[in-house]
Structures are given as structure tokens and as C-alpha cells.
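These are the residues of each chain, in order.
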Amino acid sequence: MAILEIRKFPDEVLKRKALPVEDINGGLQKLIDDMIETMYAAPGIGLAAPQVGVSKRLIVLDVGYKDGSSSLLTIINPELILTDELIDSEEGCLSVPGHVVNVKRSARVAVRGLDRNGKPLEIEAEGLLARALQHEIDHLEGILILDRLGPFRRELLKKRILKERRLEAQR
């Protein structure tokens, strides 16, 4: 297994809609293992393949590992099939490090996809898991938390992040 580089805004791969996974093979299994290791090392509670530079519809999540109630999920080709009322809450993102923003998301969701072995799965979730599922599926659509902000706040934050990146590159 290997820890992969997490791509950060404004990397182009984060803006593209990811392609469906066609073959569940050894290469995909290695990618899944590497993504899990990368997520835990970050540390994060979810990771989408585009965040590690792979434009495939694949996510890994574990919203409970930090409190000892690990619940690792791998979902291939996930799709939201049910959403509920919107609630506002803070979110961070491994691809937008150091910034937390308020994002409106559905309080409850249902997601359909395949597990890492290609077997169909359907998950109903609420709370943090519902939020994390929506966040990671957004990545597969080329949507970052920045894109969920109003236009003025979004542009202000994007400019600030780009300035931070330039200063980092000069060091």
C-alpha cells in the first residue's frame, strides 16, 4: 500500500466529472487500498478518487475511526437516490486544507452503488455519514465545497487560497 498525493484546489482533476468504473480488477483493488491508507494518514473521514488524481467514480469513507467505532465503506459508482430536508453545517476538505465553510446538505440520504467486490449495495444514512457521502459524491461531479458557497464568498475564498498557494510555492 502507498500514501498517495492529495490534489488541492485549483488542480484541474478536481473540476472534472469522474468516469464510471468499468472493471473491478487488481488495479482497482490496489487503488482502493491506497486511498484508504491515504485517508487515514491525512487524517480524513472520506476520500474520492479524483482527490488522488484518478478520474474514477470511487469513494472511501470511515466517519467513525477517530472515535474508535470504525465503519469503513468503499463505494464504486455511487449515486444519490434519496435526499431529505437541507441543514446547514460546517465542512472541511482535504483538497481545500485549512478552510472550513458552512454548506447546506440533506439531513438524510440513500446511496446506491457497488462494494469493492462488485456486489450491489444501498446505504441509508443520516448525520455525519449522510454529509460525508454527499461531500465525496460531489467530488465525483467536479464540485468542491467552494462551489457550494454564494458567488461573493466563493470568489473571495478562491482568491485567498490561490494567494496562499503562491506564497507556499515561494518558500
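On a predicted model such as this, the values are computed, not experimentally measured, just so you know. Within each chain, residue numbers correspond to sequence positions counted from 1 in written order. Note on the predicted model: pLDDT of at least 70 is required for a residue's local features to be given, and 80 or more for side-chain atom pairs to be given and counted; whole-chain, interface and lining totals, by contrast, use all residues. Side-chain metrics rest on all non-hydrogen atoms present in the structure, leaving aside hydrogens and water.

K.L.:
Describe in detail the pairing of strand β6 (residues 108–114), supporting the description with residues and values.
P.N.:
At least two DSSP bridges between two strands are needed for those strands to be called paired. Note on conventions: DSSP H or I runs of at least 4 residues are helices, E runs of at least 2 residues are strands, and numbering of each starts at the N terminus. Sheet topology places strand β3 (residues 73–83) next to β6; five bridges connect them, and they run antiparallel. Looking across to β6, one finds that Leu 82 is bridged to Ala 110. Relative to strand β7 (residues 120–126), β6 runs antiparallel, the two sharing seven bridges. Bridge pairing in β7 places Leu 114 opposite Pro 120. From the end of β6 to the start of β7, which pair antiparallel, there are five residues, and Gly 118 there has a positive phi angle of about 90°.

K.L.:
Let's hear about the environment of Ala 49: which residues, and what values?
P.N.:
Of note, Ala 49 is situated in the loop between β1 (46–48) and β2 (58–61). To sort residues, take the accessible area from a 1.4 Å probe on protein chains only and compare it with the maximum for the residue type: under 20% means buried, over 50% means exposed, and anything in between is partly exposed. Ala 49 sits in the buried class, given a relative accessible area of 0%. C-alpha separation for the pair Ala 49 and Leu 140, spaced 91 residues apart in sequence, amounts to 7.8 Å. Beyond its immediate chain neighbours, meaning those up to four positions away, Ala 49 contacts Met 35, Val 54, Lys 56 and Leu 58. Any pair of residues with heavy atoms lying within 4.5 Å of one another is described as a contacting pair.

K.L.:
Before we move on, can you summarise the nonpolar core with the specific residues and values?
P.N.:
In this structure, Ile 59, Ile 75 and Leu 133 are the most contacted members of the largest nonpolar core, which totals 15 residues. Of all the secondary structure elements, the ones that give two or more residues to this core are β2, β6, β7 and α2 (127–140). The element contributing the most residues to this core is α2, with five residues. Aside from chain neighbours lying at most four places away, what touches Ile 59 is Met 35, Leu 47, Ala 48, Leu 73, Thr 74, Ile 75, Pro 78, Leu 133, Glu 136, Ile 137 and Leu 140. In this text, buried Ala, Val, Leu, Ile, Met, Phe, Trp, Tyr and Cys residues form a nonpolar core when linked through side-chain atoms within 4.5 Å. Counting residues in each nonpolar core, the second largest holds 14 residues, with Leu 28, Leu 31, Met 35 and Ile 36 among its members.

K.L.:
Before we move on, could you go through the sheet that holds β3 and cite the residues and values that matter?
P.N.:
Spatially, the five strands line up as an open sheet ordered β1-β2-β3-β6-β7, and their pairing is antiparallel. Both edges of this open sheet fall to β1 and β7, since each of them pairs with a single strand only. Going across the sheet, the axis of each strand differs from the next one's by a mean of 40°, ignoring polarity. The strands that helix α1 (residues 26–41) touches are β1, β2 and β3; relative to β2, the one it contacts most, it runs at about 40°. Between N-to-C directions, angles cover 0 to 180 degrees, with each direction set by a line fitted to C-alpha atoms, over the stretch in contact for helices. Across the face of the sheet, α2 comes into contact with β1, β2, β3, β6 and β7 while running at roughly 125° to β7.

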